[in-house]
Amino acid sequence: MIKLNFKIALRNLWKYKTYTLINIAGLTLGMVCCILIFIFIRYQLSFDSQFKYSDRIYRVVTNWRMAAGTNASQGVPIPLVNAIPQDFPQVEKAAAIQSYYGMISMNGLSGKPGFKETSRMFYAQPAFFEIFNFTWLAGNPQQALSQPNTVVLSDDKAIQYFGDWRKAAGKSIRLNNKTDLKVTGVFKALSENTSLPLHVVLSYATFPDKNDNNWGYVVSYSECYFLLKKGVGIHDLDASLAAFNHKHYNKTDKQGQQYHSFQPLKDIHHNVLYGNFAYKTMEKKEIYGLVIIGVFLLLTACINFINISTAQAVSRSKEVGIRKVMGGGRKQLMFQFLAETLTLSIIALLIACVLTEITIPYLQHLFDVPISFSLFEHPVIFVFLAGLVFTVGLLAGFYPAMVMSGFSPALAIKNKTASNQAGGLGLRRILVVIQFTITVVLIISTLVVLKQMSYMRQKPLGFNPDTVAMIRLPNDSRQNQLKQNQLRERILMIPGVSQVSLCDMAPSSTMVNESKFSINGILVKDFEVRVLHADQAYFETFNLKMIDGKILSKSDTVNSYVVNETFLKKMNIASPQLALGKLIRIDNHEARITGVVKDFNDKSLHQEISPLALSSDKSLYTNLAIKMERKNLLESMKQVERLWDITFPQEVYETGFVSDDLNRYYQTEKVMSVLFQNFSVLIIFISFIGLFGLISFVASQRTREVAIRKVLGATNFELVKLLNGSFLLLVFLSNLVAWPIAYLFISSWLAGYAYRIELDIWPFAIAMFTSMGITLLTVSFRSFSAARMSPVAALKDE
């Protein structure tokens, strides 16, 4: 019986080829998008799930509740990790980890004489590898980092350094040309879906500042994780956490209070407030947005199917009547029609899987780093595909099956079942309105997303990052600090180089270092100040604008401060002149304010500008900022590298452009905008091929009416207007429904940006004109074909 039903289903699908093709096209595109969205979301939700105890692992983060607002950091004070086990008996293990950049050289031991590279590495306590169960290929995780000057490597780094990870254990690598590190273990590198991109991990006993006891010093590269004991919930620590914060911070003043909270490991990738070592985040709201788009796509395809199937029901009324007269029951007929829909869904799924495999490389190309997407990489995809087929089969097929199986045999055989009775003309109109409401919402959303992205690319940041290269400098000895100045003077002589500055970071950076400070001897508790260190050339290099006073004077130590406008606003200083001469003390350095610089965006546009203080300090310069002319850029960079090799022959030359770093802030937005564009185009396409199918069927059902009107003198224009009118009205109603929905959605999305565009009428107007214009073209093309038909051909059989 099942075989027979599917055989009949295939015959019927072949009989109505045009509508079958339209339905398959709509369902296939909907399924392709749903599969791609599923793969992408599964990847995003898989971050940090590879660890055995992931549900019991938490990160300690730092927050500040201040009169001027709240602030947050992924970092913690260095002494915190030693206090956690003492103050939280519910914690099984706790471990600190510090991010660090340094140079690794091999001393010829790897068979690569002179091999060296600048690498990101981490200092970690031994307990870290007990909290996170990495797969160890060599060494003991409990003992590998127990001694100073030891290091463990990921297998890919061990292969890079020694040719074979099996040869790494017991060998040595050199850190910054002065410290030999013994390799005591090798672990399997994590896949890219992690917030902990660890490849070179040094023992915490080697960390120079491990004994620091300053609870007020918080930097984003210092993190602490802990593992809860079995059977303990995180809320069981609430009382201990309150006591902990009270113990280590002054709680008598309600303003400016610093406190800690606990962040679940599974939340780290989805929380932009704190960030992570991998610099990868994808907010849950972005994921929910993709889920909604996927549902919209599938719903649009299913609405197409329902509309065309119910409209087409009239053509199959005789078939239904005969089958009922021959003894077919309603359940049998419903099963027959559902079998047809299921067959279509299976065909659409097979085509969708092929198209998905073709499209996956394009999805991978959206990311700056290599990401492994695969259709059949995880078994859960098979569950999803099966669920997708049955969902589409039931959602798209149940109502048409119920309508067609309910025809009266007598009326059906006489072909008395009208098209407006077959499935209900009112329902089809409602479905068309829903379909185009979805389309209009996505058109508006896409236009706003693209406009916000354009705004972020074009918004003046308050400084000029163009053609400014940042070169990482060695700064671990007095000799290297002297060489820094020599290199700067030599680079200034290169044709095409306009300015060179020694600094610790670019004006905009993810490395946030905020400190408590006092002004004129009074401790400020309302906010903390972010400190940048640079020489006097920094202002010209980045084209920073002074409002009042003067730039930093030439000095190797802190002898003055230049603050920004936001600093003045938060201090309630009415004018820049009133700020000049005030005495600031930050981290044991005291100096007067000598200038006020115009505000510039020191973080991404998601965040507001920080209160800033700039000062000179040669001991903290870790970068060289080089401003070049665009026409001589490549040649200038080659000469800079040659001078570097002469000045620092034992170091690794590492450079990058400030503009590239800024673009990485918005990698998620870039991906989302591309996805929105493509999915919106697909939804528009699905909607309009469905509309084309529907108008085609309506036109075929009204062939005689059109012929009679033409005989009675109606013009082609009048006939086209007759067929088009109802569809244009439905699309217009869809716009009216879509506008408030779209406004609520995009207003919520824009709220995530401190700097954003203002909503105006144009995205809404463009969406309306686009939807109605394409509707007019689509239905007019088919209506005009129907209107041009000869009346004789339509009426000759009457």
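Residues numbered from 1 in each chain as written. Predicted model: local features only at pLDDT ≥ 70, side-chain atom pairs only at ≥ 80, totals over all residues. Heavy atoms only, no water.

## With respect to the overall build of the protein chain
Put simply, the rule is: Secondary structure elements follow DSSP: runs of H or I no shorter than four residues count as helices, runs of E no shorter than two count as strands, and numbering proceeds from the N terminus. We call a residue buried when its accessible area falls under 20% of the maximum for its residue type, exposed when it is over 50%, and partly exposed in between, using a 1.4 Å probe and counting protein chains only. The contact rule is simple, with two residues in contact once any of their heavy atoms fall within 4.5 Å. Working definition of accessibility: Shrake-Rupley area with a 1.4 Å probe, residue cover restricted to the visible protein chains.
Scanning the protein chain from N- to C-terminus turns up 23 helices and 23 strands. Residues classed as buried in the protein chain amount to 53% of the 798 residues present. In the protein chain, the share of contacts with a sequence separation of at least 24, taken over all contacts with a separation of at least 6, comes to 81%. Here the protein chain has roughly 35,300 Å² of accessible surface; of this, 59% comes from carbon and sulfur atoms.

## A few points about the nonpolar core
Using the following cut-off: Only buried residues count toward a nonpolar core, which is a set of Ala, Val, Leu, Ile, Met, Phe, Trp, Tyr and Cys residues joined through side-chain atoms within 4.5 Å.
Membership of the largest hydrophobic core comes to 52 residues, with the highest contact counts inside it found for Tyr538, Phe542 and Leu614. Mapped onto this core, the elements with two or more residues apiece are α12 (425-458), β13 (468-472), α14 (538-541), β21 (612-615), α18 (658-664), α19 (667-701), α21 (716-750) and α22 (762-787). If you tally residues by element for this core, the top one is α12, at 11 residues. Not counting the four nearest positions on each side in its chain, Leu614 is found in contact with Leu532, Tyr538, Phe539, Leu552, Ser560, Tyr561, Val562 and Val597. Grouped together as the second largest cluster of nonpolar side chains are 46 residues, Leu29, Ile37, Leu297 and Leu366 included.

## Section: the pattern of salt bridges
Condition: What makes a salt bridge here is a side-chain nitrogen of Lys or Arg within 4 Å of a carboxyl oxygen of Asp or Glu, nothing more.
A complete count under the given rule lists 15 salt bridges for this structure. Glu92 is paired through a salt bridge with Arg56; the nearest N and O atoms lie 3.5 Å apart. Highlighted residues: Glu92 in strand β3 (residues 91-105) and Arg56 in the loop between α2 (17-45) and β1 (57-66), separated in sequence by 36 residues. Residue classification places Arg56 among the buried positions, given a relative accessible area of 11%. Arg472 is the partner of Glu654 in a salt bridge, and the nearest nitrogen-oxygen pair spans 3.6 Å.

## A few points about the pairing of strand β16 (residues 522-533)
Where we set the bar: For two strands to be treated as a pair, DSSP must find no fewer than two bridges joining them.
Where strand β15 (residues 513-519) lies against β16, five bridges are found, and the strand directions are antiparallel. Counterpart to Ser515 in the pairing with β16 is Val529. Counted along the chain from β15 to the antiparallel partner β16, the turn is two residues long, and its residue Asn520 has a positive phi close to 55 degrees. Bridge analysis of β16 against β21 gives four bridges, and the strand direction is parallel. Residue pairing across strands places Val531 opposite Ala613, the latter belonging to β21.

## Digging into the confidence of the model for the protein chain
Short version of the rule: The predictor attaches a confidence to each residue, called pLDDT, with possible values from 0 through 100.
Considering every residue of the protein chain, the mean pLDDT works out to 81; 80% of them sit at 70 or more. Contacts from residues 418-424, a stretch scored under 50 in pLDDT, to residues over four places away or in other chains number 16 contacts.

## Examining the side chain of Ser345
Tracing the backbone through its elements, the reader meets Ser345 in helix α9 (residues 330-365). Contacts of Ser345, omitting those with residues within four sequence positions, involve Leu27, Met31, Val389, Val392 and Gly393.

## Structural notes on the packing of helix α13 (residues 478-492) against helix α17 (residues 633-647)
Note the following rule: Only the stretch in contact is used when fitting a helix axis, every axis being a line fitted to C-alpha atoms; angles between N-to-C directions are given from 0 to 180 degrees. Each angle is binned into one of four classes, with values under 35 degrees roughly parallel, values over 145 roughly antiparallel, values of 65 to 115 roughly perpendicular, and all other values oblique. Helix crossings are classified by the rotation of the near helix relative to the far one: an anticlockwise turn of less than a right angle makes the crossing left-handed, while a clockwise turn makes it right-handed. Charged means Asp, Glu, Lys or Arg here, nonpolar means Ala, Val, Leu, Ile, Met, Phe, Trp, Tyr, Cys or Pro, and polar covers whatever is left, Gly included.
The contact between α13 and α17 brings their axes to 10 Å, and the two run at 150 degrees. It follows that α13 is roughly antiparallel to α17 by the angle criterion. Note that α13 runs across α17; the crossing there is right-handed. Note on element contacts: α17 touches α13 through Val640, Leu643, Trp644, Ile646 and Thr647, opposite Lys483, Leu487, Arg490 and Ile491. Residues that form the contact of α13 with α17 fall into these classes: six nonpolar, one polar and two charged.

## Some words on the packing of helix α3 (residues 80-87) against helix α6 (residues 238-248)
Contact geometry for α3 and α6: axes closest at 11 Å, N-to-C directions at 135 degrees. Taken together, α3 and α6 sit at an angle that is classed as oblique. Once α3 is placed against α6, the crossing between them reads as right-handed. Between α3, through Leu80, Ala83, Ile84 and Asp87, and α6, the contact on the second element is made entirely by Ser240, Phe244, Lys247 and His248. Each residue belonging to the contact of α3 with α6 can be placed in one class, and the counts come to four nonpolar, two polar and two charged.

## Focus: the pairing of β21
In β21, alternate side chains face the same way, and those of Leu612 and Leu614 on one face and Ala613 and Ser615 on the other are all buried. Bridging between strand β18 (residues 561-564) and β21 involves two bridges; their strand directions are antiparallel. Residue pairing in the sheet places Val563 in a bridge with Ala613 of β21.

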